[in-house]
Amino acid sequence: MRGDRLLSILLCLQSHRKMTTSELAARLEVSERTIHRDMEALSTAGIPVYAERGSSGGWTLMDGYRTNLTGLHTDEMMSLLLAHPSQTLSELGLHKEYDSALLKLLASLPQTLQDDAEFVRERIHVDGAGWNTGGNSSAWLPLVQEAVWEAKQLMIHYPSSSQPDVTERTIEPLGLVVKGNAWYVAARTLEGTYRTYRISRIEHASKSEQSFDRPADFNLAAYWDASVQNFKTNLPRYEATIQVHSAVLTRIEYARFATILHKEPVNDKPQWSTARIQFDTLESAASYLLGYGPDAVVIAPQELRDLVLRQAEAIVKAYQETPHE
């Protein structure tokens, strides 16, 4: 344990050049007295570590005492720094291991690359979690991960809209995929088909002692890419033509719920366009367009016009019948 701590101190000093006793103690979660003893041990072992006195002082290593990592280019180093999935690794219980590995990497870099690394870290931060992080974590992730590593079958309770009466199923978990802040497990069913399950939707899971043989030709990345493409291909589509104000059209262009297929200006109405837009379903189209009020008017199809009118009339009636202060 102490040997690991001494190595960590050495790597910290190589990476940060100078650190105070309190900074090292906080980083390594030990007392300042322990740090002083460790410094004595490093010095006795011939490591050229010494203390600089004064308000800007601290522990440092003699210039030139460091191990250079050869063959790593600046762009390669930058790619490693930007690939920092801290939330992902935390959920897998590997956050500390990642930080330790990154510290060792930075400590072993030549001085010029260390300067570049600090430049990048001060200016770019990658946060893959997204704004809405609620509802996607799962207490079953560690168990699913364990089953993947050990190639053991899983019994899961998983609700499905396509099979409402079937919630219990046995799967052979082949790999984990994280997209944004959502975890998925790619698995083979006992019938031999491949399925993807969102881990946050698993209501209960238990690991079997029954092992399985991983398919030799299964490629997780290729499977996921094909699944995503198949999902996009089979998404429901509902096209509508609307007259829309330019301000609303701009908002729709950046929205995820609709795709503008074609647009052209309305001759006698400045700031307005006629647009052909693709929604998911009739109901979702009506819901979104109602939110824009008179700035988005349905031209076609007639069933969408009728649905929007019925819902608008229902809103008016509800307000008329609801008492107010």
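Now for a quick tour of the structure. Just so you know, the residues in each chain are numbered from 1, in the order the chain's sequence is written. Residues qualify for local features only when their pLDDT is at least 70, as the model is predicted, and side-chain atom pairs are given and counted only at 80 or more; totals for whole chains, interfaces and linings, by contrast, use all residues. Hydrogens and waters are ignored; side-chain quantities use all the structure's heavy atoms.

### Some points on the sheet that holds strand β10 (residues 259-265)
Backbone hydrogen bonds hold the strands of a sheet together, and the pairing may be parallel or antiparallel. Only when DSSP finds a minimum of two bridges between them are two strands counted as paired. Each helix corresponds to a stretch of at least 4 residues labelled H or I by DSSP, and each strand to a stretch of at least 2 residues labelled E; elements are numbered beginning at the N terminus. The four strands are arranged β10-β11-β9-β12 in an open sheet whose pairing can be described as antiparallel. Unpaired on one side and paired on the other, β10 and β12 (296-300) mark the two borders of the sheet. With direction set aside, neighbouring strand axes in the sheet form an average angle of 30°. Inspection of the sheet shows strand β9 (residues 238-245) paired to β12 by four bridges, in the antiparallel sense. Residue Gln243 lies in a different strand from β12, and its bridge partner there is Val297. For this analysis, residues touch if any pair of their heavy atoms sits within 4.5 Å. For helices, the fitted line uses only the C-alpha atoms of the stretch in contact; every axis is such a line through C-alpha atoms, and the angle between N-to-C directions lies from 0 to 180 degrees. Contacting β9, β10 and β11 (272-279), helix α10 (residues 246-253) crosses the sheet at an angle of about 140° to β9. Its contacts with the sheet put helix α11 (residues 282-291) on β9, β11 and β12, and the angle it makes with β11 is roughly 145°.

### Comments concerning the sheet that holds strand β5 (residues 168-179)
Strand order across the open sheet formed by five strands is β7-β6-β5-β4-β8, with antiparallel pairing between neighbours. The open sheet has two free edges, formed respectively by β7 (194-198) and β8 (204-211), since each of these has just one partner strand. Between one strand axis and the next, the sheet turns by 45° as a mean value, whatever way the strands run. Judged from the five bridges that link them, strand β4 (residues 152-157) and β8 form a sheet pairing that is antiparallel. Each bridged residue has a counterpart across the sheet, and for Met155 the counterpart in β8 is Ser206. Each of β4, β5, β6 (182-189) and β8 touches helix α8 (residues 141-150); the most contacted strand, β5, lies at about 95° to it.

### Side note on the packing of aromatic side chains
Between the rings of Phe, Tyr and Trp (Trp by its six-membered ring), a pair exists once the centres lie within 6.5 Å; its type follows the angle of the planes, with under 30 degrees stacked, over 60 edge-to-face, and the other angles tilted. According to the stated counting rule, one finds five aromatic pairs in the structure shown. Aromatic pair Tyr194 and Phe218: ring centres 5.6 Å apart, planes at 15°, arrangement stacked. With a gap of 24 residues between them, Tyr194 in strand β7 and Phe218 in the loop between β8 and α9 (220-233) connect regions that are remote in the sequence. Throughout this description, buried means an accessible area under 20% of the type-specific maximum (1.4 Å probe, protein chains only), exposed means over 50%, and partly exposed covers the range between. Take Tyr194: its relative accessible area is 31%, and that puts it in the partly exposed class. Seen from their ring centres, Tyr194 and Tyr223 are 6.2 Å apart, and the 55° between their planes marks the pair as tilted. On the criterion of sequence distance, the pair formed by Tyr194 in strand β7 and Tyr223 in helix α9 is long-range, its members being 29 residues apart. Within the aromatic cluster, the residues linked to one another by ring pairs are Tyr194, Phe218 and Tyr223.

### Points about the pattern of salt bridges
Here, a salt bridge means any side-chain nitrogen of Lys or Arg that lies within 4 Å of a carboxyl oxygen of Asp or Glu. Taken as a whole and assessed by the stated rule, the structure comprises seven salt bridges. When the shortest N-O distance is used, the salt bridge between Lys152 and Glu209 registers 3.5 Å. You can see Lys152 sitting in strand β4 and its partner Glu209 sitting in strand β8, a full 57 residues away along the chain. Judged by relative accessible area, which is 13%, Lys152 ranks as buried. By relative accessible area, Glu209 is classed as exposed at 64%. Arg276 is the salt-bridge partner of Glu239, the closest N and O atoms lying 3.1 Å from each other. Remark: Arg276 occurs in strand β11 and Glu239 occurs in strand β9; sequence separation between them is 37 residues. Classification of Glu239 by relative accessible area gives partly exposed; the value is 41%.

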